[in-house]
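What the coordinates show
Each chain is listed here by its residues.
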Amino acid sequence: MSDGAYSFLPWLRTGLSTKIGDRDPGTDLRASILVQLELIGETASRPVDEPIQLYGPSDVIGVDPRAISRTEPRPFISNFEPNYVAHIEFYDEDFPWRYSPAPADGDTKRLLPWLALIVLSETEFEDGTLPGRPLPYIKVRQPGALQRPSELGAWAHVHVNGELDPRLAVNDRRDMGTSLANLSRVLRESPDLACSRIVCPRHLSASTKYHAFLVPSFETGRRAGLGLRIEPGTIPAMTPAWGVDQTELPGELPLYHRWEFTTSTAGDFEYLVRLLKPIEAGEPVGWRDMDAHVSAGFGLPPVETTTEPHGVLKLGGALRLPDRVDREDPWENWDTYHSQQSQYPNSKWQQAMAGLINLAEAYQNTTAAKANDKLAEQIPKLKGEIDPVITPPLYGRWHALTAQLLRDDKGNPVPPSELRGWLHRLNLDPRFRVAANFGTEVVRKRQEELMAAAWNQLGDVKLANTKIRAAQLAREVGNTLHGKHFPKPPAQGLDADPLVSAKALTLAAPAHARVVECKQETVGFKVSQSRVATAPVSPAMRRIMRPGSRLMKMLKFPENLPPDKLVARIDEREVSAAPPRPTPEGLVTLGKLSGLHAAAPADDGRPKLGVGTTTADMMTGLNSEKTVLENLFGAMNLPDRLRAAAEDLTEVMAYPVFDMPMYEDLLKMSTDTLVPNLGLLPANTITLLENNRTFIESYLAGLNHEMARELLWREFPTDQRGTPFRQFWDPRVAVPSPYGPYDIRAMHEWDKATPLGENRNRPTEKNDLVLVIRGELLKKYPTAAVYAHKAVWPLKDGVPDKTGERTLSPDPADVKLPIYEAKVDPDITLLGFDLDADKARGGNGDLGWFFVIKERPGDPRFGLDEAQPGPVRPVEVWNDLTWQRVDPDGLRFIQFDEAVRVTLDKFNEDEDDQEKQEQRKDDNHIEAWQHRMSSADVAYILFQAPVLVAVHAQEMLPNARPQP
């Protein structure tokens, strides 16, 4: 049995029920089979034929819920596709036919089940309220809302995960034997791979609440469930539970199981994805007019342009049209920025703006009156002004360590490369100053929220800085005391002379138990286990050997062996403690009585201390540089990223980090602020735009500049050079990257000669493509997989076949997942990819890239397509079949009439033909949709396979990049 396939059988019986045969039970309540017995006596024997009745619908008054494995849709779901049909599944493969008295129909290969699934809206039934009945029940108000009872055999089938034989739907008697043998093997080895299913053939209405009911399909089962008496011989076993005259409790049906659900708006995944049409976006998407022909205030002159209307600029957004060549665009090159042979900046507005911005620095070096008069030639309004004026901000001044434009701190002209760098273009182009101001407005609106988060990130930073200042004092005091009381080690090292001074070791004896040496033992433990032991460094010994003590005045030490070397001499065994007092010879001791004699004192095997090494370990452990830091970090709550900054005991100067997709704040202003005229894209379209890096960097620069000002105002410990905001898009959909989720590098790393828009965090030279999907598809199916897939030629006999269409590469490495996303209400989704327009389009042997929208595979679902607007679509494969073709009269039910016959059409030579070729080979096994088809064929045709749509980038991009 092959994997990755489904098989359908029209029905299944097991055990004695396989012997029912083709006989109609007539007026019997149950089906019966003839059992042959042989009676054997003492002298003779004879055969006996005895009919035996099998359990039937009249014997069932309930279904164990554990027999049900799945319902579709799930209970209480509110977005079930109305073109799909409801169904119920059972663990046992023969369950729908187990108690059926009906014989199999050899013509249609159908067998009436003893159960049926009906689906009713809330106005089509009412719940029964009379107590004392075996089962709950409903009363059907509109009998026309029920399917034909004679066709119930078409709506029950066996489902097997896998291929039982070369065909998916099995009806032919010649194939049935092989299929049943394979099915028996499946049920023995993996019983969970098969189930039975009952389908309701009702075409549901959109946005409607429905109730699904599992009910008996025979009248005997209905009467048993309602508690009605069944007189033998009065009711034929094949009488249906509805659609006939009923003398008792007409229209009432007992329930074995029920659930409710609500349908969504019209259209399943396939319907909605087919509505999407690839288009090439055009003007004015991505740009909007910005009127700058009048003064912006501050006495600035108006902006002059060579384009019409005069003084109007094109303000961009986060996305723009692909393949734009800025140097060839007069709107983009309004100030000759892209004309390398021209001086930049040369606009009167830019010169005046630079002078106005520089006033803030000029006021630091001269009087306001002189600074204003100097600029009066460019801004006459400043003539005679003696007070300082409020100047526009110099965006990025702290990050670039620049206080003025056009000239450096010494007053010299900046190099031409820096004039065209990010700092000057950001501040001297009105479009990018507007983008930066968007960031400024965001920080101003969210200042309280952002500052609360900033303080929370840094922990108790004020208290930490107070403790750091106290630690600085403690370190200096410790170093001073250390130098005063502890002798400096000799230049050649403490271990050069074995008889090294132990003065430092002795003075520090009270701290021995708290200092850990290199072997992770305390110095006190090491001393106690050595030859020296603790007595020579004990408090009593220190008092005895203090320089002014009586003993030290009496003892005479050689000059080369002063008292402070006594410990080292003990360690080298030059000096030892007095031996124990000997026992007098005549004294009787226990040892003598026991025949034992005291032994002479011997070496107890203790290791050498190593006074020099131990002293060095002690001094290291008491070093203020180490102890103060350890105590400080133990008492502070600092994030790990700030500990390194505090290791040299300097006050913490750090900045908060806000890993938020900041496009959302632009979107809250308006959609046109994020992407101008994005709403002009037609509904149900898919297209490609590209990142507008200059706008994004300008916006993030404004965010970081204003946040730095806010941090300074709130006395936050920072130097204003941090980059709290580095993330524009939402990277949560992306696979983790070695470059992290950020869109820009930290601003203090931006070289002043780097052009605006070239400060990417990822090493890429061109702008990312962004797939724009507008429509209901991703609103209704937010989990749909969207990715880019490399295009290749299909292989034919191992050789690329270039006569057909390009296909998806089989190599998993040729798949690119989105690196960020954004959602624009109500129906636009933006997905960024690490591809540029040239690479996606392909050329010179490169076939480019597809953009794929794929439905997530799940449990089997059944239904038919809704008809698309326009002409009737041909049925080239059974997956193209629509409700309108099988229900031309609009009855909202699938009914098998002789007049309704649908066959597969010839291919119409469109772009879908190649991908349908393989499917057509299987579909040809079913000749037509017609009134006598089996339930296996019905299941095969109604089965809805997951949909995949691939659109090549060439359908959404210009044919070739314009050449400069």
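Data block above holds the structure.
Presented here is an overview of the structure given in this document. This is a predicted model, so every value here is computed, not measured. (Residues numbered from 1 in each chain as written. Predicted model: local features only at pLDDT ≥ 70, side-chain atom pairs only at ≥ 80, totals over all residues. Heavy atoms only, no water.)

Re helix 4 (residues 348–362)
Here helix 4 contains 15 residues, and its C-alpha end-to-end distance of 20 Å stays within 8% of the 21 Å for a straight helix at 1.5 Å per residue. What helix 4 keeps buried is the set Trp-349, Gln-350, Ala-352, Met-353, Ala-354, Gly-355, Leu-356, Ile-357, Asn-358 and Leu-359. On its buried face, helix 4 sits against helix 5 (368–375), helix 8 (422–428) and helix 9 (430–445). Sitting at the amino-terminal end of helix 4 is Ser-347, which places a side-chain oxygen 3.2 Å from the backbone nitrogen of Trp-349. (Helix = DSSP H or I, 4+ residues; strand = E, 2+ residues; numbered from the N terminus. Expected span 1.5 Å × (residues − 1). Buried < 20%, exposed > 50% of the residue type's maximum accessible area, 1.4 Å probe, protein only. Contact = heavy atoms within 4.5 Å. Polar contact = N/O pair within 3.5 Å; in protein donor to acceptor, adjacent residues only side chain to side chain.)

Quick word on the sheet that holds strand 12 (residues 252–254)
Two modes of strand pairing occur in sheets, parallel and antiparallel, and in both the strands are linked by backbone hydrogen bonds. With antiparallel pairing, the three strands of this open sheet are ordered in space as 7-8-12. The sheet is open, and its two borders are formed by strand 7 (125–127) and strand 12, each paired with just one other strand. Taken pair by pair, the neighbouring strands of this sheet meet at an average axis angle of 30 degrees, ignoring direction. In this sheet, strand 12 lies alongside strand 8 (residues 137–140) in antiparallel orientation, the contact comprising three bridges. (Pairing = 2+ DSSP bridges. Axes fitted to C-alpha atoms, helices over the stretch in contact; angles between N-to-C directions.)

Looking at the sheet that holds strand 13 (residues 257–262)
One open sheet holds the three strands; their spatial order is 6-11-13, and the pairing between them is antiparallel. Looking at which strands have only one partner, the edges of the open sheet turn out to be strand 6 (115–121) and strand 13. In this sheet, adjacent strand axes meet at a mean angle of 20 degrees when their direction is disregarded.

Looking at the pairing of strand 2 (residues 32–40)
Judged from the nine bridges that link them, strand 2 and strand 3 (residues 45–53) form a sheet pairing that is antiparallel. Residue pairing in the sheet places Leu-34 in a bridge with Pro-51 of strand 3. Counting the residues in the hairpin turn of strand 2 and strand 3 gives four residues.

Points about the packing of helix 9 against helix 23 (residues 693–713)
The axes of two packed helices give the description: the angle between them and the distance between them. Helix 23 packs onto helix 9 with a crossing angle of 40 degrees between their chain directions and a minimal axis gap of 7 Å. On the basis of the axis angle, helix 9 is oblique to helix 23. Here the hand of the crossing between helix 9 and helix 23 comes out right-handed. For the pair helix 9 and helix 23, contact is made by Phe-432, Ala-435, Ala-436, Phe-438, Gly-439, Thr-440, Val-442, Val-443 and Arg-444 and by Thr-694, Phe-695, Ser-698, Tyr-699, Gly-702, Leu-703, Glu-706, Met-707 and Arg-709, respectively. Among the residues forming the contact of helix 9 with helix 23, the class breakdown is ten nonpolar, five polar and three charged. (Parallel < 35°, antiparallel > 145°, perpendicular 65-115°, else oblique. Left-handed = near helix turned anticlockwise from the far one by under 90°. Nonpolar A, V, L, I, M, F, W, Y, C, P; charged D, E, K, R; others polar.)

So, the pattern of salt bridges
Across all of its chains, the model carries 50 salt bridges by this definition. A salt bridge links Asp-92 to Arg-98; the nearest nitrogen and oxygen atoms lie 3.1 Å apart. On the basis of relative accessible area, Asp-92 is assigned to the partly exposed category, the value being 33%. The residue Arg-714 makes a salt bridge to Glu-448 at a minimum N-O spacing of 2.8 Å. Here Glu-448 lies in helix 10 (residues 447–458) and Arg-714 lies in the loop between helix 23 and strand 19 (769–774), a separation of 266 residues in the sequence. You can call Arg-714 partly exposed: its relative accessible area is 23%. Among the charged side chains, a network of salt bridges with common partners joins Arg-70, Glu-72, Glu-81, Glu-89, Arg-197, Asp-859 and Arg-861. (Salt bridge = Lys/Arg side-chain N within 4 Å of Asp/Glu carboxyl O.)

None of the figures reported here should be taken as evidence of function without further support.
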